[in-house]
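Overview (structure and organization)
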Amino acid sequence: MKKFDKERVLLAVAGPVIALAVAFVLSAIVLIASGKNPVEPFALMIEQAGFSDIQVLIVNQASLYYIAALAVAIGFRMNLFNIGVDGQYQLGAFMAAVVGAHANLPAFLQVPLLLLTAVLTGAFWSGIAGVLKVTRGVSEVVATIMLNAIATSLIVYMWKPDVFGVKVGNNSTTGEMHESGWIPGFDMGAAGEIYGLVVLAALLGIGYWIVLNRTRFGFDLRASGASESAAAASGVDPKRMVLTAMLISGALAGLAGLPILMGDAHTYNLNFPTGVGFLGIGIALLGRNSPVGIAFAALLWAWLDKASPELDYHGFDKEIAVIMQGLIVLSVVVSYEAVREWGLRRQQRRVGAELAAGHVLGATDNSKKEVAGR
């Protein structure tokens, strides 16, 4: 491997490693300040990761996080902050659940119908922010935050019994989906069942990498994110790319809830996971918008979620996992900036050394010419 490639890999790995190390140290300080053992909680959670049933829960939860983080990463690559992934995710899952409860087609038609419903719903909701940005210059951050609130209110309205809601005791649901829309999982015996749509999450990750790194569209997307003026000079329409990126981001966000919806819950109710879109932001940051990095970050986040309940049985607050997640996000921002500055300084020193070497070589050549001329 070339020296330059080694340095690039080192820079890519250094940020997440430093962020995780800092987050663990700060979490330990919080435990010490509260009079608790700073090591035992982490040992207990690591021990939980060795149990097969916890492993199944981690993989299942990570599939939701992974798709949501990919949706965020698409925006980041375009220098857009789609903070509305959570609203797009919830609306996509809700509408897919409604369609699944009312349409009863053969499985080979029902499943694509539900996937398409989620994709179009998420894309439509993010497209509103995209249109506002390219036509009126409205910040996508402000627009998507407002759309999150509207999405929540819209779901509450559609949960009414006279709209799409079905009351089950005190729980508001969309009614159970027809079995033709269920996706069978992978039976792991006593450990449980891994969602079948974990495969979809993996395929989306592969597709994300191929599109961004092996297609003209991916190059245009990255170029527009790096410099809109430079991209425009090369013939790329920045406004079209902004709208397209927002639509794709929302489409992926709409799919984030389907692994649990079609593989386990089979309805959208009050117990459906919330906040997945916001967690996707931290996961995308930690994974540096790379499909492989995001996969590891999603598994880490899911591990913190699923292993932390054990802490309650040993006198520790399971909220230490939430504290760690927050500290990871803060540490990511600081460590990535520090690593970026370090990389720039190394690059400047390397360029300076090369220029100095070139100057010495040129001076030597000139001296030889003068001697030969004499």
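Refer to the structure presented above.
The model shown is predicted, which means the values in this text are computed figures rather than measured ones.

Definitions and limits used
Residues numbered from 1 in each chain as written. Predicted model: local features only at pLDDT ≥ 70, side-chain atom pairs only at ≥ 80, totals over all residues. Heavy atoms only, no water. Helix = DSSP H or I, 4+ residues; strand = E, 2+ residues; numbered from the N terminus. Contact = heavy atoms within 4.5 Å. Areas by Shrake-Rupley, 256 points an atom, 1.4 Å probe, with all protein chains shown as cover. Buried < 20%, exposed > 50% of the residue type's maximum accessible area, 1.4 Å probe, protein only. Polar contact = N/O pair within 3.5 Å; in protein donor to acceptor, adjacent residues only side chain to side chain. Patch = residues over 30% accessible without salt bridge, like charges linked within 9 Å, V, L, I, M, F, W, Y side chains within 5 Å. Salt bridge = Lys/Arg side-chain N within 4 Å of Asp/Glu carboxyl O. Phe/Tyr/Trp six-rings, centres within 6.5 Å; stacked < 30°, edge-to-face > 60°.

Focus on the overall build of the chain
A tally of helices and strands in the chain yields 14 helices and 4 strands. A separation of at least 24 residues holds for 75% of the contacts in the chain among residues at least 6 apart in sequence. Of the roughly 18600 Å² that the chain leaves accessible, carbon and sulfur atoms contribute 66%.

Focus: the side chain of Thr267
With respect to the secondary-structure elements, Thr267 resides in the loop between helix H11 (258–265) and helix H12 (276–286). Accessibility expressed as a relative area gives 10% for Thr267, which makes it buried. Within the structure, Thr267 has its side chain in polar contact with the backbone oxygen of Gly175 (distance 3.0 Å). The residues touching Thr267, leaving out its near neighbours within four places in the chain, are Ala97, Thr173, Thr174, Gly175, Glu176, Met177, Leu261 and Phe272.

Quick notes on a nonpolar patch on the surface
A cluster of nonpolar residues, Phe186, Met188, Val199, Leu203, Ile206, Trp209 and Ile210, forms a patch on the protein surface that exposes about 660 Å² of accessible area. At 5 residues, the largest contribution of residues to the nonpolar patch is made by helix H7 (residues 198–214). Looking at the secondary structure, you find Trp209 in helix H7.

Some thoughts on the packing of aromatic side chains
On inspection of all chains with the given rule, the structure shows 8 aromatic pairs. Ring geometry for Trp159 and Tyr268: centres 5.5 Å apart, planes at 50°, overall tilted. With a gap of 109 residues between them, Trp159 in the loop between helix H6 (140–158) and strand E1 (166–168) and Tyr268 in the loop between H11 and H12 connect regions that are remote in the sequence. By relative accessible area, which is 13% here, Trp159 ends up buried. Pairwise contacts between aromatic rings join Tyr89, Phe94, Trp159, Tyr268 and Phe272 into one cluster.

Considering the side chain of Ser63
Positionally, Ser63 belongs in helix H3 (residues 52–77). For Ser63, a relative accessible area of 4% puts it in the buried group. For Ser63, the side chain forms a polar contact with the main-chain oxygen of Asn60, separated by 2.5 Å.

Things to note about unusual backbone geometry
In this structure, Asn79 is a non-glycine residue whose phi angle is positive, near 65°. Residue position: Asn79 is located in the loop between H3 and helix H4 (85–102). A positive phi angle, close to 55°, is found at Arg288, a residue other than glycine. Looking at where Arg288 falls in the secondary structure, it is placed in the loop between H12 and helix H13 (291–307). By relative accessible area, Arg288 is classed as partly exposed at 36%.

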